[in-house]
Amino acid sequence: MTAKLIGAAAVVVLLSASAYGAFFVAPNELTMGIVQRIFYLHAPCGMTALVAFLVCFVGNLAYLFKREAKWDWLGVAGAEVGLAFCTVVLITGPIWAKPAWGVYWAWDARLTSTLVLWLLYLSYLILRTMVDDPDRRALISSFYGVFIFLDVPLVYGSIWWWRTQHPQPVVFTSGGMDPVMRKIFNLSWLSLTALMILLIRQRYELEEVRAAAQALAQEAEAA
Amino acid sequence: MKNLGSVMTAYMIGWGVFFLYFVSVARRTAELRKDVERLKVTLTRGK
């Protein structure tokens, strides 16, 4: 319990530091001005969402090979946390786009594939609610989870493969970003990754307790 | 300071989503823990 509290406190400190950096330390971007500061939340959230979906994929794939419940728990934890991060991306993007592009939304490859990704993982979670038997639910959702992960490389590569309204990446390119901006971006990414780990652990624990409750309920019924 | 409102809105909504999700998972876990305790008591009484 103490370790959990320390972990949660560390995440809060990191998030506060990155917010302070984004609001008070980062220089104003020349063309967009102050609204560009949404970048320090929007872009790391997008990258963290893809990592969470990768965690889901690993859990799903491992379940298909090993048929151990813990991998299914990891899969659902990754999917749900990734969906939370993807939701933030889809909300903060249009808030930034309106002053920057003049429109809230453009049906380009990056935005559309991200919306499709959000819908796919939402359907993954809905699918899980429709199957009662835990083993059957884990098997069906693992197959589906492995299949829908195909959209993740599509989202990532869309800005290189197609001409999009969405800007080209500046994160993994040298000289694409002011050094102070890069430091604050890295801090934001670190803090959001720490938040993702915290949330996945907490969501995994929920599945663990749910499995214990189901086992006890079956025992009580049989008695 | 043009568009400061948009920046504040984006951060408030972003953190709000994470906070609500955190609380939702914590509540669901707490409810299930209560169920586990209740079932343990039921099974112990039955024996």
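The rules behind the values
Residues numbered from 1 in each chain as written. Chains lettered and ligands numbered in written order. Predicted model: local features only at pLDDT ≥ 70, side-chain atom pairs only at ≥ 80, totals over all residues. Helix = DSSP H or I, 4+ residues; strand = E, 2+ residues; numbered from the N terminus. Buried ≥ 20, exposed ≤ 12 C-beta atoms within 10 Å, placed from the backbone. Contact = placed C-beta atoms within 7 Å. Expected span 1.5 Å × (residues − 1). pLDDT = per-residue confidence, 0-100. Axes fitted to C-alpha atoms, helices over the stretch in contact; angles between N-to-C directions. Parallel < 35°, antiparallel > 145°, perpendicular 65-115°, else oblique. Left-handed = near helix turned anticlockwise from the far one by under 90°. Nonpolar A, V, L, I, M, F, W, Y, C, P; charged D, E, K, R; others polar. Core = buried A, V, L, I, M, F, W, Y, C linked by C-beta atoms within 7 Å.

A short note on the overall build of chain A
- In terms of regular secondary structure, chain A is built from seven helices and zero strands.
- Along chain A, from the amino end to the carboxyl end, the secondary structure elements read α-α-α-α-α-α-α.
- In chain A, buried positions account for 38% of the 223 residues.
- Contacts in chain A between residues far apart in sequence, at least 24 positions, make up 77% of those at least 6 positions apart.

What about helix α3 (residues 69-101) of chain A?
- The end-to-end C-alpha distance of α3(A), which contains 33 residues, comes to 46 Å, matching closely the 48 Å that a straight helix rising 1.5 Å per residue would cover.
- Two residues or fewer after α3(A) comes A:Gly102, characterised by a positive phi angle close to 90°.

Some remarks on the environment of A:Gln202
- Structurally, A:Gln202 can be placed in helix α7 (residues 179-222).
- We classify A:Gln202 as buried; it has 20 C-beta atoms within 10 Å.
- The spacing of A:Gln202 and A:Ala77 is 125 residues in sequence and 8.4 Å in space, taken between C-alpha atoms.
- Ignoring sequence-local partners within four residues, the contact set of A:Gln202 consists of B:Val25 and B:Ala26.

Observations regarding the environment of A:Asn60
All names here are of chain A.
- Tracing the chain through its elements places Asn60 in helix α2 (residues 39-66).
- Classification of Asn60 as buried rests on a count of 28 C-beta atoms within 10 Å.
- Leave out the neighbours within four places in its chain, and Asn60 touches Gly75, Ser142, Gly145 and Val146.

Looking at the confidence of the model for chain A
- Summary statistics for chain A give a mean pLDDT of 92 and a share of 96% for residues scoring 70 or more.
- Within chain A, the lowest mean pLDDT, 88, falls on helix α6 (residues 151-161) of chain A, and the highest, 97, falls on α2(A).

A closer look at the packing of helix α4 (residues 109-129) of chain A against α6(A)
Residue and element names in this part refer to chain A.
- The N-to-C vectors of α4 and α6 enclose an angle of 165°; their axes lie 8 Å apart at closest approach. As far as their axial angle goes, α6 and α4 are roughly antiparallel. Classified by chirality, the crossing of α6 by α4 is left-handed. Residue-level contacts link Ala109, Arg110, Ser113, Thr114, Val116, Leu117 and Leu120 of α4 to Asp151, Val152, Leu154, Val155, Ser158 and Ile159 of α6.
- Grouping the amino acids of the contact of α4 with α6 by side-chain chemistry returns eight nonpolar, three polar and two charged.

Here we look at the interface of chain A and chain B
- Of the residues lining the interface, 31 residues belong to chain A; the matching set on chain B comes to 28 residues.
- Listing elements by their share of the side of chain A that touches chain B, those giving two or more residues are α2, α3 and α7 of chain A.
- A breakdown of the residues in the side of chain A that touches chain B according to their chemical character gives 22 nonpolar, four polar and five charged.

Considering unusual backbone geometry
- Of note in this structure, A:Arg67 is not a glycine but carries a positive phi near 55°.
- Residue placement: A:Arg67 occurs in the loop between α2 and α3.

Describing the nonpolar core
- Judged by nonpolar contacts, the single largest core of 59 residues is most densely connected at A:Ala52, A:Phe85, A:Tyr121 and A:Met196.
- Mapped by element, the contributors of at least two residues to this core are α1 (2-25), α2, α3, α4, α6 and α7 of chain A together with α1 (4-46) of chain B.
- In terms of residues, this core owes the most to one element, α3(A), which gives 15 residues.
- Setting aside anything within four residues of it in sequence, one finds A:Ala52 in contact with A:Gly78, A:Val81, A:Gly82, A:Phe85, A:Met196 and A:Ile200.

Describing the packing of α3(A) against helix α5 (residues 134-148) of chain A
Residue and element names in this part refer to chain A.
- The interhelical angle for the contact between α3 and α5, taken along N-to-C directions, is 50°, at an axis separation of 10 Å. Put simply, α3 runs oblique to α5. The handedness of the crossing between α3 and α5 is left-handed. On α5, the residues that touch Ala69, Asp72, Gly75 and Ala79 of α3 are Ala138, Ser141, Ser142 and Gly145.
- Here the contact of α3 with α5 is composed, by residue class, of three nonpolar, four polar and one charged.

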